[in-house]
Amino acid sequence: MSTDTTVWNAEACAEVNERLAGASASEIADWAIETFGQKLIVAASMQDTILPHMFGTRLPGAHVLFLETGYHFKETIETRDEAARRFPITIVNALPAKTVEEQDAEFGKDLFARDPNLCCFMRKVDPLARSLAGYDAWVTGARRVDAVTRAEMPIVTWDEGHGLVKINPIAAWSDMDVEVYQVANQLPRNPLVAQGYPSIGCEPCTNKVAPGEDPRSGRWSGQEKTECGIHE
Ligand code: SF4
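Below is a summary of the structure that appears in this document.

Cut-offs used in this document
Per-chain numbering applies: the sequence of each chain, read as written, is numbered from 1 onward. Only residues with pLDDT of at least 70 are given local features in this predicted model, and only at 80 or more are side-chain atom pairs given and counted; all residues enter the totals for whole chains, interfaces and linings. Working from all heavy atoms in the structure, the side-chain values ignore hydrogens and water. One heavy atom within 4 Å of a molecule or strand makes the whole residue count as near it. Here a helix means four or more residues in a row that DSSP labels H or I, a strand means two or more in a row labelled E, and each is numbered from the N terminus. In this count, Pro and Cys sit with the nonpolar residues alongside Ala, Val, Leu, Ile, Met, Phe, Trp and Tyr, while Asp, Glu, Lys and Arg are called charged and the others, Gly among them, polar. Only C-alpha atoms enter the line fits that serve as axes; for helices the fit covers just the stretch in contact. Angles between N-to-C directions range over 0 to 180 degrees. Crossing handedness: left-handed means the near helix sits turned counterclockwise from the far one by under a right angle, and right-handed means the same turn made clockwise. By the convention used here, residues are in contact when the closest approach between their heavy atoms is within 4.5 Å. The term nonpolar core refers to a set of buried residues drawn from Ala, Val, Leu, Ile, Met, Phe, Trp, Tyr and Cys, joined through side-chain atoms within 4.5 Å. Note on exposure labels: buried denotes an accessible area under 20% of the residue type's maximum, exposed denotes more than 50%, and partly exposed covers the range between, all computed with a 1.4 Å probe on protein chains only. Pairing between two strands is assigned when DSSP locates at least 2 bridges connecting them. A side-chain nitrogen of Lys or Arg and a carboxyl oxygen of Asp or Glu constitute a salt bridge if their distance falls within 4 Å.

The local shell around the ligand holds ten residues, among which Tyr71, Cys119, Cys120, Cys202 and Cys205 are the closest. By residue number, the principal contributor to the shell around the ligand is helix 7 (residues 116–132), which donates five residues. When grouped by side-chain class, the residues that make up the shell around the ligand number eight nonpolar, no polar and two charged.

To continue, consider the packing of helix 5 (residues 100–107) against helix 7. Two quantities define a packed helix pair, namely the angle between the axes and the distance from one axis to the other. Where helix 5 contacts helix 7, the axes come no closer than 12 Å and their chain directions differ by 145°. Handedness of the helix 5/helix 7 crossing: right-handed. For the pair helix 5 and helix 7, the contacting residues are Val100, Gln103 and Phe107 in the first and Leu118, Cys119, Met122 and Arg123 in the second. Here the residues of the contact of helix 5 with helix 7 sort into five nonpolar, one polar and one charged.

By size, the foremost hydrophobic cluster in this structure holds 42 residues, and its most contacted members are Trp31, Leu40, Met54, Phe55, Val156 and Ile167. A per-element tally of this core places helix 2 (residues 25–36) first, with seven residues. What tryptophan 31 contacts, discounting residues up to four positions off in sequence, is Trp8, Val16, Leu20, Phe36, Val156 and Ile167. With twelve residues, the next largest nonpolar core counts Leu65, Leu67, Leu132 and Trp138 among its residues.

Here we have six strands laid out as an open sheet, ordered 3-2-1-4-6-5, and mixed in their pairing. This sheet does not close on itself; its edge strands, each paired only once, are strand 3 (89–94) and strand 5 (156–159). Between one strand axis and the next, the sheet turns by 30° as a mean value, whatever way the strands run. Here three bridges tie strand 1 (residues 40–43) to strand 2 (residues 62–67), and the two strands are oriented parallel to one another. Note that in strand 2 the partner of isoleucine 41 across the bridge is histidine 63. Strand contacts of helix 7: strand 1, strand 2, strand 3, strand 4 (137–139) and strand 6 (164–167), with the helix running at about 160° to strand 2, the strand carrying the most contacts.

For the structure shown, the criterion picks out 14 salt bridges. Two residues, aspartate 110 and lysine 109, come together in a salt bridge whose shortest N-O distance is 3.8 Å. Judged by its relative accessible area of 59%, lysine 109 falls in the exposed class. Linking arginine 143 and aspartate 146 is a salt bridge whose minimum nitrogen-to-oxygen distance equals 3.9 Å. By relative accessible area, arginine 143 is classed as buried at 11%. Because the salt bridges share partners, they merge into one network encompassing Arg143, Asp146, Arg150 and Asp175.

Without other data, these values stay purely geometric and don't point to any function.
Structure below.
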């Protein structure tokens, strides 16, 4: 159990961020668990199973948050279920207030094609906010190489919007670091990555990407939207 008595705010996070600047992902995970114990939750998109492994093997029963939007590829759901079988984690499925059918009835079918920001708000942003209540920290698998908007992303930061600490242990990882960790730990993989989907979200809003293209260019293709809003 955590004995942390720090009053967490932007200054405290900035101090830790500086201290952990050169730390490895494993060292960051160790710090997070030592500091927050079961009061942290690990968000996982199930594009890979790195964080469920990294935290589940250190903190048995670690809570792993999955945004169950109702629009995922079946391969992503299968990856989540395989991670739950392989690692000692507790999956927390964050459900939107409305089912897809209820949303269709109120807003019309395929809202994602007409107003993806509203769809993402109802199916990702709002469920995330409700799910983080009661935790002191959340962990994400966001990396600086994911997008230009993430190039300066800190390792530890104060998430003002949600009122808790946000930890990005693999922020500095390259694609090669991801591959090395997956091979070394024989992790279950989302097969879509090898099929040309380097960045995987909901099925209607995720396209294949040609080799050499920006990995996130397959997300909300043809629209100005680049982020679902959960990292803002
Ligand atoms: Fe809706 Fe697309 Fe956002 Fe998923 S990614 S919540 S389908 S707009």
